[in-house]
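# Geometric and topological summary
What follows is the residue order along each chain.
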Amino acid sequence: MSPAIELIAINKSFGAVHANKDVNLSVERGTIHGIVGENGAGKSTLMSILYGFYEADSGEVRVNEKPIRIRSSIDAICAGIGMVHQHFMLVEPLTVVENVMLGAEGGAMLRAGEAKVRKELARLASDYGLEIDVDATVGELSVGLQQRVEILKALYRGADILILDEPTAVLTPAEADALFELLRSLKAQGKTVILITHKLREIMAITDRVSVMRRGEMVATVETANTSPPELAELMVGRRVLLRVEKTEKVPGAPVLEVQNLSVVDARGVLRVANASLTVRAGEIVGIAGVAGNGQSELLEAIAGMRRPVLGSIRFQEQDVPADEHNPHHMRELGLLHVPEDRLRMGLVPAFPAFESAILGFSDEPQLGKGPILDHDRLVADLAKKMEQYDVRPPAPRLKTSNFSGGNQQKIVLAREIERNPKVLLVGQPTRGVDIGAIEFIHRRLIALRDAGVGILLVSVELDEIMHLSDRILTMCGGKITGERKASQTNEQELGLLMAGVTDEAA
Amino acid sequence: MSAPIEMPKWADTILVPAISVVAAFLIAGLVVLSIGENPLTATRYLLQGSLGTGEGLGFTLFYATDFIFVGLAVAVAYHAGLFNIGGEGQATLAGLGTALALNNLTFLPGFLLIPVGILAAAAFGAAWAAIPGYLQAKRGSHIVITTIMFNWLASVLIVYLLVNVLREPQSMNPETRAFPEAAQIPFMHDVFAWFGITIPSSQLNLTFVLALISSYLIWLLIYRSRLGYAIRVVGSNPTAAVYAGISPARIIIIAMVLSGALAGGLAVNELMGYQHRLLLEFTAGYGFVGIAVALMGRAHPVGIILASLLFGILYQGGAELAFEQPAITRDMVVVIGGIIILFAGALDGLFRRLVAHLLSRPKLAGA
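Just so you know, these numbers come straight off a predicted model, no measurement behind them. The written sequence of each chain sets the order in which its residues are numbered from 1. Key to labels: chains lettered from A, ligands numbered from 1, both in the order written. Reporting of local features is limited, given that this is a predicted model, to residues whose pLDDT is at least 70; pairs of side-chain atoms are given and counted only at 80 or more, and all residues count toward the totals for whole chains, interfaces and linings.

## Quick look at the overall build of chain B
Secondary structure counts use DSSP, requiring at least four H or I residues in a row for a helix and at least two E residues in a row for a strand, with both numbered from the N terminus. Looking only at helices and strands, one finds 15 helices and zero strands in chain B. To sort residues by burial, count the other C-beta atoms lying within 10 Å of each one's C-beta; a count of 20 or more means buried, 12 or fewer means exposed, and anything in between means partly exposed. C-beta atoms are built from the backbone. Across the 367 residues of chain B, 49% fall into the buried class. In chain B, of all internal contacts separated by at least 6 residues, the share reaching a separation of at least 24 is 75%. C-beta atoms are placed from the backbone for every residue, and two residues are taken to be in contact when these atoms lie within 7 Å.

Listed below in C-alpha cells is the structure:
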C-alpha cells in the first residue's frame, strides 16, 4: 500500500504560537485515518494547511507521493482533496443539484452543467449508496442529509481524499451510524478518509489508524486495533485521565424544581418546547438527551426565566413561582442558578476583563461594592481565589475574558454559579469545547454538587456525558419529552431511538 | 466584519489616534499646498491662534467645553450599543428648556437660577433623547433614524418658537430676551479677577469646570458603577444581559436619557455661559462633531477630553488662520476639519488594522 497523503516536517507559527511543530503524518490510501487531540492541539491548523487555507512555514506536502504546493482550496480540490466542514458551507434556499453545481456551473447557462451534475449524482448514488432527492431544497433537509450533500459536493469535484471535521457533532446516533456506513463504503471503493474528532468512541469504531496531536506536535500514530480509549486520552492530555468519574448511588430528596406543561414559542412563532413536564429532586442529576436544536436550549432558558413560556408554570422547592416573578433576577434570588450552554454569547462578556465577567448576573449583590459603586479590588481578589480553587489558567483576573481558552472560560462560569450555593443548577453543554483534562474536573464538581444535595438539570448533546453523570435521563425530540429512563437501566440504542422521536408507546 | 483586533492598550488609546491626526494633517497640508499656500505657515497660524495667546487658549477651551459634553453624550449611548446621532436636537431642546426656565422662574432667589438652568437643560435634552430611546427599546425603531428625525423636528420647532412665540415683540431678531444676570455663568476671566489674577478675557466660562467634573462622573458611572456595568453588558453582549437579568429595554432608555442630558451641556456653555439668551442655531453642528470626538476618544472620558482639545484647537486656530491667510477661507478650514474627522472617525480602522498587524502577532483562531 502506498500513502495517499504525506505531510513531512510541517511547521506553522502564528506569531509566538507554534501551532504545528515538525508534524509528520502519513495516510495510507484506502484507509480511514483518525486525528485526535485537544482544542488547540493543532489538528485544525494541520488540516487547514492540507486544504490550502494556510501555507506551512516549512515542510512538504505530498499527495500520491508527489510533492505539491497547496496555496488555496482550489489547489487542494485539483489535487483530489475534499473537505467537509463542521459548519456546512451550503446555500439553504437552493436545491441539492444547485448546491453541488455551485462553483462548477460549467458556463454562463446552467442547462448543460445541470444535466452533467444529475448524471454524476446518479452515478455516485449507485456507487456509494448516497441516495438523496436531488431536487429537494437543502434548507428543508435534515442535518444528516445536508452533510451528505457536502460529501456529494466533494466527491463531485473528484475528491479521492476526504477530510471530515467533527462530522458527528450535529448528528443523532442513528445518523452517525449512517455516516459511518457511508465512510466504510467510500473506503471500500478506494477513497481515503481523514476523520477529525474528539469522540474516542468513534475513533475506535471506524478508523484503521489514529494519530494523536498534543500542543502542536504529533505524539503518536497507532493502529486502532492496538489501542484503547484510555491510552488515547492519556496520549492527548499527557497524563492519565478518568474518562468516567465514579459516582455512588443516592436516594434523591424532595422535589426542588417542577416544570409543568411548559410550552415555548420562539421569536419567529415556531413552537420550540411542547408541553414539557419534569421534576428535579434534591441531590439528583437529571439529564436531557437530544440532538442539538430539539428544544433543550429553549427549555433551559424558559426555566431560567429568560424566555416567557406561552403556557405552563414552574414550582421551586414546592412553591409556585408566579408568572410575573419568573425572570432571571428573581430565579437567581431563589437559588436557581444557570450555567448557560453558550458561554460566549450568554454566560460571559468576551470583551470584559475576567473579573467583570465573573459577576455577570450578580452585579447587584450588596457585598460587591459600596452603594452604586463596585469595588474592583474586591472583585479581583474574589476571582483570584476562585481561579485557584478551579485551577483556571492563567490565574489572571484582569485578563480579558476572550483570551482564556474554552475550558478555562467554562471554569470561570462554573465557579461563579457553584460558589454561590445554588439549590438548583441548570447546566447546558458543560463541556462543549472543553479539553479532556478539564472535562474530568467539571464532572467531578457537578457530582460533588449533587452529593451535597443540589438538584441539577443537565442538557448535553454528548450522550456519553448524559449517561455518565445523570441519575435519570429524559429524551427530547421536536420540543417534546419523548421518554424517561433511569440511567442505570438504559443504553445508547434505546436512548437513540427516543431521541429520534420513537416514543415509549411505539418502542 | 472580522474578529476584534487585539493590541496593547497604549497603542489603542494613544498611538492609533495620534497616527490618524498626523495623517490627517499631512493630507490637509496637501490641500493647503494645492491652493498655493505654505502648509507650515498655515500650521503655525493654527497653533499660534489657538494656543499661542491667552485669549486664543480661552477660546480653544471654550470650544473644547462644547465638544466634551457632546462627546460624552455620544460615548454613554455608545457603551449601551447605541449610536446617538441626535446631539444637535437634544442640545437645541436643552437650550429651549434653559430659556423657558430662566426667563419664567425669575421669582426664584438668584443663587438658584444657575442650578435650575442647568437642570432644565439636562431635563429637556434627556426628554428629547428619551423618545427615540423608548422607540428603540419598545418598538425596535432604529435609534440612528429616529435621532436624525428628531434633529429636524428640534430645528423646526425652535425656529417656530423663536419667531412666533418667544421673540421679544419689539425685536427683529429671532431670539429671547437676555437671561437674568444671576443666571449667567461667570466668565473665567471674571472668576480669576475675584482672586486678583488677570487673564485675557474670552468666552471661556465656568462651564469648562462642569465639563471636567462631568467627565470624571461619567468615568465613574461607566467603569465603576453597577449601572455602568449593566450599560456595558447591554452594549457588549445583549444576550448575556438577558441571561444576567438585566433588561436591555430599561438600560437603553436610561442610557439615552443620560446621553441627552449630557448633550444639554452644550446649551449650558453656549447660552448660560456666553450668549445669555436663546438664539437660532447656537448648536452650530457641534452635536455632530461629538460623534467624531467620541470615536477618536474611544468613548473614554480621558480620550474625549483630549479629542475635544484637538477639535477646540482646530476651531479656534482655524478661525485665526482664515483671518490671517485670506486665501485659506473659512470653508477651507471646514475642509481641514472634515479631513481630521474622516481620519479620526471613519478611517480609524485603517490604521488600527495596520498598527495591530505590526505590533501584535495574530492569534491562533480556534485551531
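## A look at the domain arrangement of chain A
One frequently used descriptor of interface size is the decrease in accessible area upon assembly of the parts. All names here are of chain A. The domain boundaries assigned to chain A delineate domain 1 (3–237) and domain 2 (255–499). Just the C-alpha atoms count here: the centres of domain 1 and domain 2 sit 34 Å apart. Counting residues at the interface gives 11 residues for domain 1, matched by 13 residues for domain 2. With three residues, the top contributor of residues to the side of domain 1 that touches domain 2 is helix 8 (residues 229–237). In this document the domain limits rely on a domain assignment from an automatic tool or a database.

## A word on the nonpolar core
For our purposes the nonpolar core covers buried Ala, Val, Leu, Ile, Met, Phe, Trp, Tyr and Cys residues that link as a set through C-beta atoms within 7 Å. Residues B:V70 and B:A255 are the most contacted members of the largest nonpolar core, which totals 258 residues. No other element matches the 17 residues that helix 3 (residues 54–79) of chain B contributes to this core. For this core, the domains that each give at least three residues are domain 1 (3–237) and domain 2 (255–499) of chain A. Apart from the residues lying within four places of it in its own chain, the contact partners of B:A255 are B:V76, B:A77, B:A80, B:L82 and B:I231.

## What about the sheet that holds strand 5 (residues 66–68) of chain A?
All names here are of chain A. Here four strands make up an open sheet; going across it, the order is 2-1-4-5 and the pairing antiparallel. A single partner strand is all that each edge strand has here, and the edge strands are strand 2 (17–28) and strand 5. On average, each strand axis in the sheet is inclined to that of its neighbour by 25°, with strand direction left out of account. Across five bridges, strand 1 (residues 3–14) lies against strand 4 (residues 58–63) in antiparallel orientation. Across the sheet, residue I8 finds its bridge partner in strand 4, namely E60. Each pair of strands is called paired provided DSSP finds at least two bridges between the two strands. Here an angle of 0 to 180 degrees is reported between the N-to-C directions of two axes, which are lines fitted to C-alpha atoms, with helices fitted over the stretch in contact.

## Quick look at the environment of A:Q260
Residues and elements named next belong to chain A. Topologically, Q260 is positioned in strand 11 (residues 255–265). Considering only alpha carbons, one finds Q260 and N275, 15 residues apart in sequence, at a separation of 7.7 Å. When near neighbours in sequence (up to four residues on either side) are disregarded, Q260 contacts S277, G312, S313 and I314.

## Regarding the interface of chain A and chain B
Listed as interface residues are 32 residues of chain A and, on the opposing side, 21 residues of chain B. Of all the elements in the fold, those that place two or more residues in the side of chain A that touches chain B are strand 2, helix 1 (43–50), helix 10 (328–334), helix 11 (343–347) and strand 18 (373–374) of chain A. Residue classes follow a fixed rule: Ala, Val, Leu, Ile, Met, Phe, Trp, Tyr, Cys and Pro count as nonpolar, while Asp, Glu, Lys and Arg count as charged, and any other residue, Gly among them, counts as polar. Of the residues that constitute the side of chain A that touches chain B, the class distribution is 16 nonpolar, 12 polar and four charged.

## Side note on the sheet that holds strand 15 (residues 319–321) of chain A
Adjacent strands of a sheet form backbone hydrogen bonds with each other and so pair up, either parallel or antiparallel. All names here are of chain A. Pairing in this open sheet of four strands is antiparallel, and the strands run 12-11-14-15 from one edge to the other. Bordering the open sheet on either side are strand 12 (271–281) and strand 15, each of which pairs with just one other strand. Averaged over all neighbouring strand pairs, the angle between strand axes comes to 20°, with direction disregarded. By the bridge criterion, seven bridges tie strand 11 to strand 12 in an arrangement that is antiparallel. Directly across from E258, in strand 12, lies its bridge partner T279. Contacting strand 11, strand 12 and strand 14 (311–316), helix 9 (residues 296–304) runs over the sheet at an angle of about 120° to strand 11.

## Looking at helix 15 (residues 436–451) of chain A
Residues and elements named next belong to chain A. Under the convention used throughout, the expected extent of a helix is 1.5 Å for every residue step, that is, one less than its residue count. For helix 15, with 16 residues, the first-to-last C-alpha span of 23 Å sits near the 22 Å given by 1.5 Å per residue. Of the positions making up helix 15, those classed as buried are I436, A438, I439, E440, F441, I442, H443, L446, L449 and R450. Contacts made by the buried residues of helix 15 are with helix 8, strand 13 (284–289), helix 14 (406–418), strand 19 (424–428), strand 20 (455–460) and helix 16 (463–469). Once helix 15 finishes, G453 follows within two positions and takes phi at roughly 100°, a positive value.

## Here we look at the pairing of strand 7 (residues 161–165) of chain A
On a regular strand, one side chain projects to one face of the sheet and the next to the other, so that they alternate. Residue and element names in this part refer to chain A. Of all five residues in strand 7, five are buried; the element is thus mostly enclosed. Residues of strand 7 alternate between two faces, with I161, I163 and D165 on one and L162 and L164 on the opposite face, all of them buried. Across four bridges, the pairing between strand 6 (residues 81–84) and strand 7 is parallel. In the strand pairing of strand 7, I81 is matched with I161. In this sheet, strand 8 (residues 192–196) lies alongside strand 7 in parallel orientation, the contact comprising five bridges. Considered in strand 8, the bridge of D165 is made with I196.

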